[in-house]
Amino acid sequence: MNSCRTRYFDALQYDPSSVIRFPAGLPGFEDERQFILIEEPQRRPLLFLQSLTVPDLCFTMLPIFVLSPDYILRMSPEDIDLIGLDPSRQPRIGVDVFCGVLLAMQDNEITANLLAPIVMNLASRIAVQAVQIEADYSHCYRVATQEMVVAC
Amino acid sequence: MLIVRRKPGESLVIGDGVEVVILECGAGKRVKLGIIGPPEVNVYRKELAITQRQNRLAAADVTDAQRLAPVLSRFGRGCSRREIDMVRPIRVGSAKKY
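Asker: Hey, could you run me through the overall build of chain A in this one?
Answerer: In terms of regular secondary structure, chain A is built from three helices and eleven strands. Along its sequence from the N terminus, chain A presents helices and strands in the succession β-β-β-β-β-β-α-α-β-β-β-β-β-α. Overall size of chain A, expressed as C-alpha extent along the three principal axes, is 45 × 40 × 25 Å. Out of the 152 residues belonging to chain A, those deemed buried represent 59%. Taking all contacts inside chain A whose residues are at least 6 apart in sequence as the whole, residues at least 24 apart take part in 51%.

This is how it looks when you write it as structure tokens:
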């Protein structure tokens with residue numbers, strides 16, 4: 001087991017096989033290549049994508065089907081190739097890949113970036129934040145207002 | 001916004017060293033562009049710039065989003081237990097610093 005420091009979850013023990021690799025980093029965080037995925041059972045279905053090298057860097061993520069049950073992946077062939085799958089067809093969510101969206105707080109609202117989901121190859125745990133091609137999904141899909149969250 | 005009409009094969013020059021060539025247009029409302037410029041000028045789709053900005057917001061502080069779980073129940077349908085188990089997340093108790 002390895003351990004890493006985190007801002008939100010204390011020190012974590014993790015098995016090296018659970019590391020998720022982003023060969024291209026994430027847009028805006030291109031140097032961050034290794035993450036682990038964290039779950040707090042009482043906060044299901046939220047997931048947390050924690051950088052292994054920067055304790056402060058942690059993203060909140062939701063499985064795409066929580067927000068958009070009919071979501072259709074339209075990845076670029078380059079992104080499909082990057083995660084080691086056949087670029088001639090779109091990967092299947094829940095079969096070939098996990099697909100999740102990152103949440104952000106802006107203007108007093110929590111929004112999700114449906115335009116650029118995190119897509120992880122389930123077999124190899126190689127992932128990419130895949131900006132969708134020819135898609136109309138919003139980069140700031142409204143999930144909740146801050147008031148709704150504080151009231152809970 | 002400056003609006004310019006161009007045909008395939010024609011081009012535009014931006015600043016000192018960037019040339020945008022219209023290669024194809026028409027099929028499926030898509031336009032194929034060629035861009036010639038110095039290597040120090042980054043060229044990327046606007047969606048990527050938007051995602052960079054959203055990611056910086058997303059990374060700023062996760063505590064509000066962490067409190068989101070009760071709100072999510074209103075979405076009803078959601079994902080199955082299996083979908084989360086497939087990604088083998090590390091299970092922790094309660095996060096610190098709320």
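Asker: What is the right way to read the sheet that holds strand S3 (residues 31-36) of chain B from this model?
Answerer: The strands making up a sheet associate through backbone hydrogen bonding, with each pair oriented either parallel or antiparallel. All names here are of chain B. The antiparallel open sheet is built from three strands, whose spatial order is S1-S2-S3. The sheet is open, and its two borders are formed by strand S1 (11-14) and S3, each paired with just one other strand. Taking each pair of neighbouring strands and ignoring which way they run, the sheet shows an average axis angle of 25°. Pairing of strand S2 (residues 18-25) with S3 involves six bridges; the strand directions are antiparallel. The residue bridging Glu19 from the neighbouring strand is Ile36, located in S3.

Asker: Help me understand the pairing of S2(B), please; the structure alone is not making it clear to me.
Answerer: Where a strand is regular, its side chains alternate between the two sheet faces. All names here are of chain B. Of the strand pairs in this sheet, S1 and S2 are connected by four bridges, and their pairing is antiparallel. Across the sheet, the residue bridging to Val13 is Glu19, located in S2. Between S1 and S2, which follow one another and run antiparallel, lie three residues, and Gly15 among them has a positive phi close to 65°. Here S2 folds back onto S3 in antiparallel fashion, the turn holding five residues, of which Gly26 has a positive phi close to 120°.

Asker: Explanation requested: the layout of surface pockets in the structure shown.
Answerer: Empty space left among the atoms is revealed by rolling a probe the size of a water molecule over them. Size it by volume and the largest pocket reaches roughly 380 Å³. Broken down by secondary-structure element, the contributors of at least two residues to the lining of the largest pocket are helix H2 (77-82) and strand S10 (127-129) of chain A together with helix H1 (46-60) of chain B. Tallying contributions element by element places H2(A) first for the lining of the largest pocket, with three residues. Class assignment of the residues belonging to the lining of the largest pocket gives a composition of ten nonpolar, four polar and four charged.

Asker: Mind showing me how you'd approach the nonpolar core here?
Answerer: For soluble globular proteins, the rule of thumb is that nonpolar side chains tend to be buried together. Counting 41 residues, the largest nonpolar core has Val143(A) and Leu68(B) as its most contacted members. Counting only elements with at least two residues in this core, the list comes to strand S2 (12-14), strand S4 (34-39), strand S6 (58-63), helix H1 (64-67), strand S7 (97-106), strand S8 (109-112) and strand S11 (141-145) of chain A together with helix H3 (69-72) of chain B. No other element matches S7(A), which puts four residues into this core. If you look at the next biggest cluster of nonpolar residues, it comprises 22 residues, including Phe35(A), Met120(A), Leu122(A) and Ala59(B).

Asker: Help me understand unusual backbone geometry in this model?
Answerer: Keep in mind that most residues, glycine aside, have a negative phi and that most peptide bonds are trans. Following Arg44(A), the chain continues to Pro45(A) via a peptide bond in cis, the omega torsion being 5°. Mapped onto the elements, Pro45(A) comes out in the loop between S4 and strand S5 (47-51). Phi is positive for Arg125(A), close to 60°, though the residue is something other than glycine. Position of Arg125(A) relative to the elements: it lies in the loop between strand S9 (118-121) and S10. Residue Arg125(A) is classed as buried on the basis of its relative accessible area of 3%. Despite not being glycine, Arg88(B) has its phi angle at roughly 50°, a positive value. Considering the arrangement of structural elements, one finds Arg88(B) in the loop between helix H4 (81-85) and strand S4 (90-91).

Asker: Quick question: what am I supposed to make of the interface of chain B and chain A here?
Answerer: Reports of interface size often rely on the accessible area that becomes lost once the parts have come together. Contact with chain B, which involves 49 residues of that partner, is made by 67 residues of chain A. Interface area for chain B against chain A, summed over the two sides, is near 5100 Å², with a carbon-plus-sulfur share of 61%. With its nearest N and O atoms 3.3 Å apart, the salt bridge here joins Arg30(B) to Glu134(A). Linking chain B to chain A there are twelve residue pairs in polar contact (both at pLDDT 80 or more). Listing elements by their share of the side of chain B that touches chain A, those giving two or more residues are H1, helix H2 (63-66), H3, H4 and S4 of chain B. When residues of the side of chain B that touches chain A are assigned to their parent elements, the largest contribution, 13 residues, is made by H1(B). Here the side of chain B that touches chain A is composed, by residue class, of 23 nonpolar, nine polar and 17 charged.

Asker: Can you walk me through the side chain of Ser18(A) in this structure?
Answerer: Along the polypeptide, Ser18(A) turns up in the loop between S2 and strand S3 (20-21). Residue Ser18(A) is classed as buried on the basis of its relative accessible area of 7%. Look past the residues within four positions of Ser18(A) in its chain and what remains in contact with it is Phe35(A), Ile36(A), Arg125(A) and Ile90(B).

Criteria and thresholds
- Residues numbered from 1 in each chain as written.
- Chains lettered and ligands numbered in written order.
- Predicted model: local features only at pLDDT ≥ 70, side-chain atom pairs only at ≥ 80, totals over all residues.
- Heavy atoms only, no water.
- Helix = DSSP H or I, 4+ residues; strand = E, 2+ residues; numbered from the N terminus.
- Buried < 20%, exposed > 50% of the residue type's maximum accessible area, 1.4 Å probe, protein only.
- Contact = heavy atoms within 4.5 Å.
- Pairing = 2+ DSSP bridges.
- Axes fitted to C-alpha atoms, helices over the stretch in contact; angles between N-to-C directions.
- 1 Å grid on protein atoms, 1.4 Å probe; cavity = no way out; pocket = protein on both sides within 12 Å on 5 of 7 lines; lining within 4 Å.
- Points joined across faces, edges and corners; volume = space filled by probe spheres on them.
- Nonpolar A, V, L, I, M, F, W, Y, C, P; charged D, E, K, R; others polar.
- Core = buried A, V, L, I, M, F, W, Y, C linked by side-chain atoms within 4.5 Å.
- Buried area = accessible area lost by both parts, 1.4 Å probe.
- Salt bridge = Lys/Arg side-chain N within 4 Å of Asp/Glu carboxyl O.
- Polar contact = N/O pair within 3.5 Å; in protein donor to acceptor, adjacent residues only side chain to side chain.

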